[in-house]
Amino acid sequence: MSLSAIQFKHVSYLWDEAKAATFSEDEVALLIYRSNLLGADLRLTNYGGGNTSCKAMAKDPLTGEETEVMWVKGSGGDIGTLKKSGLAALYVDRLRSLKNVYRGIEYEDEMVELFNHCIYDLASKAPSIDTPLHGFLPFKHIDHLHPDAAIAIAAAKDGKKITEELFGGTIGWVEWQKPGFDLGLQLKQCLDENPGIRGIMLGSHGLFTWGDTAYESYINTLEVVERCASYIEDNINKNKIVFGGEKIDSLPKEDRLKQAAALAPVLRGFCSSQTKMIGHFTDDDRVLQFINSNDLDRLAPLGTSCPDHFLRTKISPLVLNLKPGENPDDVKSIKEKLSPLFVAYRKMYAGYYDTCKHSNSPAMRDANPVVILYPGVGMFTFAKDKQTARVAAEFYTNAINVMRGAEAISSYTSLPRQEAFNIEYW
Ligand SMILES: [Zn+2]
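Residues numbered from 1 in each chain as written. Predicted model: local features only at pLDDT ≥ 70, side-chain atom pairs only at ≥ 80, totals over all residues. Heavy atoms only, no water.

## Here's the deal with the packing of helix 10 (residues 214-239) against helix 16 (residues 386-409)
Thinking step 1. Direction vectors running N to C along helix 10 and helix 16 enclose 65 degrees, while the axes themselves pass 9 Å from each other. Every pair of crossing elements has a handedness; the one defined by helix 10 and helix 16 is left-handed. Residues Tyr231, Ile232, Glu233, Asn235, Ile236 and Asn239 of helix 10 pack against Arg404, Gly405, Ala408 and Ile409 of helix 16.
Thinking step 2. For the contact of helix 10 with helix 16, a count of residues per class yields five nonpolar, three polar and two charged. (Axes fitted to C-alpha atoms, helices over the stretch in contact; angles between N-to-C directions. Helix = DSSP H or I, 4+ residues; strand = E, 2+ residues; numbered from the N terminus. Left-handed = near helix turned anticlockwise from the far one by under 90°. Contact = heavy atoms within 4.5 Å. Nonpolar A, V, L, I, M, F, W, Y, C, P; charged D, E, K, R; others polar.)

As structure tokens, this is what we get:
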């Protein structure tokens, strides 16, 4: 085990020097290798979340001259399984020259189309909206991740101050803004105003870190996330109380599963009022700690923070008003208790849509909850297929980790509803 492997407690150090040496100076191969290592540790980023890039010189097929090209993860996919076909390759100078035609934030969506004019490799994956976030920064290798531990700080009320103190000013801060061209310019501005920083925290969203080589970027990322995670754990150990302490006990494991199995078809019926849904259930310890806590009623309605999280989980979960030991055989009485909850949730969702919609917003989508929390028992998630339902559960668990961390060091803040809407109905 190398020295670096021993240093990390909260993230996995997976870099294998012998393996990396086989890529020699191939920066794109090293980018893919690093991305796969980062994506293999869910503490570093959620499934499908984040993106990575490298910039290197390559021969321009149009002129035969060396030109700077950026390879960046394209739209869709997961960095854990990223291959070359998942990358977009763009001319760096062309991408940066888009500044000259940028008409301001209200027109930033029109820039996405223009990224296609900057493509170097015609076999590129479509560039994602995060492309300018990498393009305007000068670094050779960049990681943009959604680590729960970093988002906990990014979503804490005093996140900016905590970041400043924890990293002695070496990590910059950019307030929440929807990813896009403008956020790319803001990242560059943050770097210009704070030369020498090793990364930037994106309010309510995630982390940017970088390095001159693939390895330096990898180590920088691990060190920053490790420091965020150990800061949170130190605070939790100091306060000895999480989510305001336990309000109710869980049922014993066997009873939880029995109760969940009995209730699942009823919940599925309610959730399928518009489209037939498939369910998933988990009674993971992290979920139970949250749903059995005193703070559940305060935190659950706030909703999630990182855009990736709420895109999969809807703005907030539905908390059931059933006792853990409720008799599941009395279906009629259970339905009578649950029906008003679902009616109220759909009304809340329609109200959110009506308040936040723009003249060109797509029509309202299914108003049923995706995440359903049953205190003492566990969490149900419903989606169109099993994989989507399982990922929704995974993402809400990420959101729970974020709330747990933010509450341990400060207080948790969610995204303003209008910002959430602008992402959900982009
Ligand atoms: Zn992101």
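This is not the end of the story, as more comes after the structure.
## Some remarks on the coordination of the zinc ion
Thinking step 1. Coordination of the zinc ion by the protein is provided by His144 (NE2), His146 (NE2) and His205 (NE2), with metal-donor distances spanning 2.1 Å.
Thinking step 2. Between the donor residues of the zinc ion, the gaps in sequence give the motif H-x1-H-x58-H. Here His205 lies in the loop between strand 6 (199-202) and strand 7 (206-211) and His146 lies in the loop between strand 4 (141-145) and helix 7 (148-154), a separation of 59 residues in the sequence.
Thinking step 3. His146 sits in the buried class, given a relative accessible area of 5%.
Thinking step 4. Relative accessible area serves as the criterion here: at 3%, His205 is assigned to the buried category. (Donors = N, O, S within 2.8 Å, 3.2 Å for Na, K, Ca; no water. Buried < 20%, exposed > 50% of the residue type's maximum accessible area, 1.4 Å probe, protein only.)

## A short note on the domain arrangement of the protein chain
Thinking step 1. For the protein chain, the assigned domains read domain 1 (3-239) and domain 2 (253-424).
Thinking step 2. Taken over C-alpha atoms, the centre of domain 1 sits 30 Å from the centre of domain 2.
Thinking step 3. At the interface, 27 residues of domain 1 touch 26 residues of domain 2.
Thinking step 4. Both faces considered, domain 1 and domain 2 share a buried interface measuring about 2100 Å² in area, 61% of it formed by carbon and sulfur atoms.
Thinking step 5. The three residues of domain 1 that bury the most area against domain 2 are Tyr47, Asp148 and Trp176, which together make up 28% of that side's buried surface.
Thinking step 6. Counting every contact that joins domain 1 to domain 2 gives one salt bridge. (Domains from an automatic or database assignment. Buried area = accessible area lost by both parts, 1.4 Å probe. Salt bridge = Lys/Arg side-chain N within 4 Å of Asp/Glu carboxyl O.)

## Some remarks on the packing of aromatic side chains
Thinking step 1. Taken as a whole and assessed by the stated rule, the structure comprises 20 aromatic pairs.
Thinking step 2. Ring centres 5.7 Å apart and planes at 75 degrees place the aromatic pair Tyr352 and Phe421 in the edge-to-face group. Highlighted residues: Tyr352 in helix 15 (residues 331-356) and Phe421 in helix 17 (residues 417-424), separated in sequence by 69 residues.
Thinking step 3. Using a relative accessible area of 0% as the deciding quantity, one classes Phe421 as buried.
Thinking step 4. For the pair Phe421 and Tyr425, a centre-to-centre distance of 4.7 Å together with 20 degrees between the ring planes defines the contact as stacked. (Phe/Tyr/Trp six-rings, centres within 6.5 Å; stacked < 30°, edge-to-face > 60°.)

## Here we look at the sheet that holds strand 9 (residues 318-319)
Thinking step 1. Ordered by their spatial adjacency, four strands build an open sheet running 8-11-10-9, and the pairing between neighbours is mixed. With one partner strand each, in any of the chains shown, strand 8 (278-282) and strand 9 form the two edges of the open sheet.
Thinking step 2. Where strand 9 lies against strand 10 (residues 371-374), two bridges are found, and the strand directions are parallel. Among the inter-strand pairings, Leu318 is bridged to a residue of strand 10, identified as Ile372.
Thinking step 3. Packed on one face of the sheet, helix 11 (residues 253-271) meets strand 8, strand 10 and strand 11 (378-383) and runs near 35 degrees to strand 11. (Pairing = 2+ DSSP bridges.)

## Description of the sheet that holds strand 7
Thinking step 1. An order of 3-2-1-4-7-6-5 is seen for the seven strands of this open sheet, with the pairing classed as mixed. The outermost strands of the open sheet, each flanked by one partner alone, are strand 3 (87-91) and strand 5 (171-174). Taken pair by pair, the neighbouring strands of this sheet meet at an average axis angle of 20 degrees, ignoring direction.
Thinking step 2. Bridge analysis of strand 2 (residues 66-73) against strand 3 gives five bridges, and the strand direction is antiparallel. Along strand 3, the bridge assignment pairs Val72 with Ala88.
Thinking step 3. Against the sheet, helix 8 (residues 159-166) engages strand 5 and strand 6, with an angle of about 170 degrees to strand 5.
Thinking step 4. Strand contacts of helix 10: strand 4, strand 5, strand 6 and strand 7, with the helix running at about 145 degrees to strand 7, the strand carrying the most contacts.

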